[in-house]
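Overview (structure and organization)
Spelled out from the first residue to the last, the chains are:
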Amino acid sequence: MFHDPENYRKIVGDSVIAEIYKKARKLYGKYILNINSTYQGGGVAEILSSLVPLMNNTGIDAEWRILHGNPDFFTVTKKFHNALQGAKINLTDLKKKLYTETNGDFAIYTHIKHDAVMIHDPQPLPLITFYRKRQPWIWRCHIDLTDPNKEVWDYLKSFILRYDAVIVSMEEYKRNDLPVQQFVIPPAIDPLTPKNMPLPKDTIDRFLKKFNIPKDKPLITQISRFDPWKDPLGVIEVFKKVKEEVDARLVLCGSMASDDPEGYEIYDEVQKAAKPLVEKGDIILLTTENNILVNVLQRVSDVILQKSTREGFGLTVTEALWKGTPVVASNVGGIKLQIKNGWNGFLLDPKDYDGFAKKIIEILKDEELARTLGKNGTEYVRKNFLITRLLIQHLDLLNEIL
Ligand code: UDP
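Definitions and limits used
- Residues numbered from 1 in each chain as written.
- Predicted model: local features only at pLDDT ≥ 70, side-chain atom pairs only at ≥ 80, totals over all residues.
- Heavy atoms only, no water.
- Near = heavy atom within 4 Å.
- Polar contact = N/O pair within 3.5 Å; in protein donor to acceptor, adjacent residues only side chain to side chain.
- Areas by Shrake-Rupley, 256 points an atom, 1.4 Å probe, with all protein chains shown as cover.
- Helix = DSSP H or I, 4+ residues; strand = E, 2+ residues; numbered from the N terminus.
- Nonpolar A, V, L, I, M, F, W, Y, C, P; charged D, E, K, R; others polar.
- Pairing = 2+ DSSP bridges.
- Axes fitted to C-alpha atoms, helices over the stretch in contact; angles between N-to-C directions.
- Phe/Tyr/Trp six-rings, centres within 6.5 Å; stacked < 30°, edge-to-face > 60°.
- Buried < 20%, exposed > 50% of the residue type's maximum accessible area, 1.4 Å probe, protein only.
- Lys NZ or Arg CZ within 6 Å of the ring centre and 35° of its normal.

Here we come to the site of the ligand. Looking at the ligand, there are 17 residues lining it, with Gly43, Lys195, Arg225, Ser255 and Glu319 nearest. Lys195 places a side-chain nitrogen or oxygen 2.8 Å from an oxygen atom of the ligand. Taking Leu315, its main chain carries an N or O atom lying 2.9 Å from an oxygen atom of the ligand. Bound to the protein, the ligand loses 91% of the 530 Å² it would expose on its own. Mapped by element, the contributors of at least two residues to the shell around the ligand are helix H3 (43–56) and helix H11 (315–322). Each residue belonging to the shell around the ligand can be placed in one class, and the counts come to four nonpolar, seven polar and six charged.

The structure is reproduced here in structure tokens:
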């Protein structure tokens with residue numbers, strides 16, 4: 001098992017590992033329960049897959065449970081998610097009922113005797129109302145909260161006010177109108193998982209062959225759920241502009257997450273928009289959930305795109321930076337924390353299609369630039385966004401709160 005702090009020594013150094021063991025000491029034997037709504041697909045599942053086993057390997061009894069919901073429930077919670085990022089919503093009593101009742105049903109068979117509870121994102125937020133509260137509850141919000149729909153924010157606040165603490169990913173997501181202690185913890189990636197570990201060349205070649213991805217032309221890739229906020233249609237427009245000058249190929253890779261029912265709808269739109277280029281073999285659409293495939297794509301691509309219009313953090317950006325692949329991304333949300341424009345990648349306004357195309361072409365034509373951006377990207381992630389740092393910040397928070 002690689003989820004042992006010991007295995008990270010070579011990457012982060014002895015003092016970081018010693019700090020983890022030291023900060024875990026007062027938490028030995030504490031039961032910490034994490035609840036979110038999917039075990040795969042999206043950033044939250046990605047983080048929990050590493051953070052929870054790592055906590056267990058430092059002496060903490062961390063658990064992870066998944067909220068059960070039917071497709072209607074997840075349609076409603078995706079609307080809440082979108083509304084928290086500023087979209088419109090028709091907030092009916094029916095939606096509220098489905099939301100709270102699903103949580104109530106789950107509470108019946110989910111017994112919580114833990115020392116602390118960490119609730120991830122809005123789906124399981126109302127759970128807190130179904131228990132006699134015996135321990136601190138923390139709401140970990142992975143969403144951009146800078147401009148939420150007022151009605152939804154006000155409704156969700158009625159649950160959030162019961163919490164002991166809230167964690168957001170960036171300083172600017174803290175809310176002045178929320179009189180609850182707020183912590184800032186940016187997400188992080190695990191360098192040892194199949195998604196991020198170094199890969200031998202024959203594995204890379206095997207995967208490229210298996211998924212029919214030729215490497216005869218420069219490769220531009222966006223890896224993201226098929227979600228309007230990730231702007232896959234905008235990516236296609238940018239790609240068309242790039243192709244006017246450089247013959248290249250685009251991969252859009254997006255697996256489906258069980259808590260995101262919008263995926264299939266958006267995928268259909270993308271398929272229509274991309275049809276002629278897909279038929280020519282210049283756009284490849286992938287929906288397979290496969291961590292090594294993501295790893296391969298992030299390593300072999302000449303440019304990784306992240307053309308989001310909103311982005312809580314954007315682990316896909318961290319993953320690509322870590323692998324030393326140049327990233328061209330939107331100047332939004334958590335991406336701004338990760339890319340210093342011109343130093344370890346390029347940042348552009350999401351509406352600036354010409355700007356995106358220009359920067360991609362610049363990288364494709366300048367190997368030295370690509371190498372420098374990649375080198376700086378890896379170092380920046382090593383210093384700021386590895387899972388060991390995230391673990392330490394969670395230990396600090398638990399030490400403060402328990
Ligand atoms: N991801 C994946 N396969 C895909 C698309 C995404 O494994 O086809 C992963 C991606 O590598 C990253 C996570 O899902 O680890 C997405 O996290 P991010 O923060 O970028 O966005 P979110 O989906 O949480 O909005």
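Read across the sheet, six strands follow the order E9-E8-E7-E10-E11-E12 without closing on themselves; strand pairing throughout is parallel. Edge positions in the sheet fall to strand E9 (283–286) and strand E12 (346–348), since each has one partner strand and no second. On average, adjacent strands in this sheet sit at an angle of 20 degrees to one another, irrespective of strand direction. Taken together, the three bridges between strand E10 (residues 303–306) and strand E11 (residues 327–330) define a ladder with parallel strand orientation. Along E11, the bridge assignment pairs Ile304 with Val327.

Bringing the packing of aromatic side chains into the picture now. This model, assessed by the stated rule, comprises 15 aromatic pairs. Note on Trp137 and Tyr163: the rings are 6.0 Å apart at their centroids and 80 degrees apart in plane angle, and the pair reads as edge-to-face. With Trp137 in strand E4 (residues 137–140) and Tyr163 in the loop between helix H6 (150–160) and strand E5 (165–168), the pair connects residues that are 26 residues apart, well separated along the chain. As far as the burial class goes, Trp137 and Tyr163 line up, both buried. Ring pairing ties together the aromatic residues Phe73, Phe74, Phe80, Tyr99, Tyr155 and Phe159, which thus form one cluster. Its guanidinium or amino end placed over the ring of Phe207, Lys210 lies 5.7 Å from that ring's centre, counting from NZ or CZ. Of note, Lys307 hangs over the ring of Phe356, and the distance from its end group to the ring centre comes to 5.4 Å.

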